[in-house]
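# Working through the structure, step by step
Below, each chain spelled out in residue letters.
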Amino acid sequence: MDRTTETMLRTFLESELSRLETEIEEIELEGHEALSEASGENNYRDHMADQGSATFSRELDMTLDDNVRDALVAVRKALVRMDEGVYDVCERCGAPIGEERLKAMPTATMCITCKAAEESR
Ligand SMILES: [Zn+2]
């Protein structure tokens with residue numbers, strides 16, 4: 001992979017990282033407010049939030065932002081792999097993942113063959 005492509009992908013991953021971190025922060029800080037607005041039970045919810053906010057936000061963590069957390073883990077891992085110089089190396093078979101695949105999916109850690117094998121299990 002040439003340096004220009006790597007720089008482009010790193011820039012993308014770093015912007016994804018900060019976007020996802022912001023998103024998780026917002027979910028944690030404002031999650032219960034957003035939910036109470038949607039349910040139309042503002043007064044009741046606000047009242048309950050005083051006593052039950054800790055429990056409530058834990059439940060929220062497990063549902064709404066699971067995908068965001070998974071994505072964040074994948075982006076962090078991709079950046080670490082880049083730092084270690086193994087970004088383009090399949091973590092399963094050691095073959096090159098391929099520039100086109102990484103451009104299409106910058107968080108990929110396996111070549112297309114291994115990924116297909118993994119998904120068909
Ligand atoms: Zn592979």
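The structure this text deals with has already been given above.
Description of the structure in this document. A quick note: this is a predicted structure, and the numbers were derived from the prediction, not measured. (Residues numbered from 1 in each chain as written. Predicted model: local features only at pLDDT ≥ 70, side-chain atom pairs only at ≥ 80, totals over all residues. Heavy atoms only, no water.)

Before going further, it helps to examine the overall build of the chain. Of regular secondary structure, the chain possesses 5 helices and 0 strands. Tracing the chain from N to C terminus, the helices and strands come up as α-α-α-α-α. Split into buried and exposed, the 121 residues of the chain put 26% on the buried side. In the structure as shown, the chain presents an accessible area of about 8,200 Å², 52% of it carried by carbon and sulfur atoms. (Helix = DSSP H or I, 4+ residues; strand = E, 2+ residues; numbered from the N terminus. Buried < 20%, exposed > 50% of the residue type's maximum accessible area, 1.4 Å probe, protein only. Areas by Shrake-Rupley, 256 points an atom, 1.4 Å probe, with all protein chains shown as cover.)

Those donors, C90 (SG), C93 (SG), C111 (SG) and C114 (SG), are the protein atoms that reach the zinc ion, and they lie 2.3 to 2.4 Å from it. Seen from the zinc ion, its 4 donor atoms lie at angles of 106 to 116 degrees, and the figure they make is tetrahedral. Accessibility expressed as a relative area gives 46% for C93, which makes it partly exposed. Take C111: its relative accessible area is 6%, and that puts it in the buried class. (Donors = N, O, S within 2.8 Å, 3.2 Å for Na, K, Ca; no water. Tetrahedral: all angles 85-135°; square planar, octahedral: opposite > 155°, others 65-115°.)

Take the nonpolar core next. One finds L13, V75, Y87, C90 and L102 to be the most contacted residues of the largest nonpolar core, which totals 20 residues. Elements that contribute at least two residues to this core include exactly α1 (3–39) and α3 (66–83). Apart from the residues within four sequence positions on either side, V75 is in contact with L13, E16, L17, L20 and T107. (Core = buried A, V, L, I, M, F, W, Y, C linked by side-chain atoms within 4.5 Å. Contact = heavy atoms within 4.5 Å.)

Now for α3. Because each turn of an α-helix spans 3.6 residues, side chains separated by three or four positions in sequence point in the same direction. Its 18 residues place the ends of α3 26 Å apart at the C-alpha level, agreeing with the 26 Å of an ideal helix rising 1.5 Å per residue. V68, L72, V75, A78, L79, R81 and M82 are the residues of α3 that are buried. (Expected span 1.5 Å × (residues − 1).)

Let us look at the side chain of R81. In this structure, R81 sits in helix α3. Here R81 sits buried without a salt bridge, and the closest side chain of opposite charge, E91, lies 4.2 Å off (N-O distance). (Lys, Arg positive; Asp, Glu negative; His and termini not counted. Salt bridge = Lys/Arg side-chain N within 4 Å of Asp/Glu carboxyl O.)

Here we come to the pattern of salt bridges. Should the charged atoms of two oppositely charged side chains come close, the side chains can pair. Across all of its chains, the model carries 11 salt bridges by this definition. A salt bridge links R76 to E21, with the shortest nitrogen-to-oxygen separation between them at 3.0 Å. Taken together, the residues R76 in helix α3 and E21 in helix α1 connect sequence positions 55 residues apart. Of the residues examined, R76 reaches a relative accessible area of 42% and is grouped as partly exposed.

For the rest of this paragraph, the subject is the environment of M105. By secondary structure assignment, the location of M105 is in the loop between α4 (99–104) and α5 (112–119). Of the residues examined, M105 reaches a relative accessible area of 38% and is grouped as partly exposed. Sequence separation between M105 and L9 is 96 residues; the distance between their C-alpha atoms is 9.7 Å.

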